[in-house]
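If you want the building blocks of each chain, they are given just below.
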Amino acid sequence: MLVGICSAFAQAPSTTKIGYVDMKRLLDNAPQIVAGRSKLENEFAGRDAALKADEKHLADLRGSVALQPDETRQREIDALERSIKRQREKLHNELKARSDQELDNSWREINDAVVAFAREQGYDLIVASPVVFASERVDVTDKILDRLRRQASKGAKP
């Protein structure tokens, strides 16, 4: 496979323009991703706070039972533990689903920005990470990030 790629580039005209994009850096720093994370934090903050309040109540109950054992309180503790476990699992699953949804939306926008940049700048090939090596000369990640920042500030698509 590698031989075929190498021979294809060897036969390509010397004006072939190749770029490299560090997708991890894009996904960590793109304003669309950062905004999505912030949106999710706000969306789930209330339920996370309620879960933490239940966990604190559970800790208080455990403390009171440790001082003075009580069968009724122990049943309440057991029920609360089960409830917290269910809530935590539900919250985790919903957060994962929403995170995937936000990432999918942002991924399309990021991919479209890379393609638009490549076409406008006359690139023949943009390679995404991971790669074995890419020199700074072909790394266009910062240019793509700048483009995504401009788009985010305008609220526009690529």
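Described in the following lines is the structure provided in the data block. (Residues numbered from 1 in each chain as written. Predicted model: local features only at pLDDT ≥ 70, side-chain atom pairs only at ≥ 80, totals over all residues. Heavy atoms only, no water.)

1. Observations regarding unusual backbone geometry
In this model, Ser 129 is joined to Pro 130 through a cis peptide bond whose omega is 5°. Tracing the backbone shows Pro 130 in the loop between strand 2 (125-128) and helix 5 (141-154). (Helix = DSSP H or I, 4+ residues; strand = E, 2+ residues; numbered from the N terminus.)

2. Looking at the packing of aromatic side chains
In the structure shown here, the tally under the stated rule is one aromatic pair. The lysine or arginine in question, Lys 17, covers the ring of Tyr 123, its NZ or CZ lying 4.6 Å from the ring centre. (Phe/Tyr/Trp six-rings, centres within 6.5 Å; stacked < 30°, edge-to-face > 60°. Lys NZ or Arg CZ within 6 Å of the ring centre and 35° of its normal.)

3. Thoughts on the layout of surface pockets
Within this model, the largest pocket holds a volume of roughly 340 Å³. If you go around the largest pocket, you meet 13 residues; those closest to its centre are Ile 18, Val 127, Phe 133, Ala 134 and Val 138. Put simply, the parts of the chain that give the lining of the largest pocket at least two residues each are strand 1 (18-21) and strand 2. If you tally residues by element for the lining of the largest pocket, the top one is strand 1, at three residues. Tallied by class, the residues present in the lining of the largest pocket amount to ten nonpolar, two polar and one charged. (1 Å grid on protein atoms, 1.4 Å probe; cavity = no way out; pocket = protein on both sides within 12 Å on 5 of 7 lines; lining within 4 Å. Points joined across faces, edges and corners; volume = space filled by probe spheres on them. Nonpolar A, V, L, I, M, F, W, Y, C, P; charged D, E, K, R; others polar.)

4. Notes on the pattern of salt bridges
Scanning all chains against the criterion turns up 16 salt bridges. Close ionic contact of Asp 142 with Arg 25 constitutes a salt bridge, the shortest N to O distance being 2.5 Å. In this pair, Asp 142 is assigned in helix 5 and Arg 25 in helix 2 (residues 23-29), connecting sequence segments 117 residues apart. Using a relative accessible area of 48% as the deciding quantity, one classes Asp 142 as partly exposed. Here Glu 102 ties to Arg 98 by a salt bridge, and the two come within 3.1 Å at their closest N and O atoms. (Salt bridge = Lys/Arg side-chain N within 4 Å of Asp/Glu carboxyl O. Buried < 20%, exposed > 50% of the residue type's maximum accessible area, 1.4 Å probe, protein only.)

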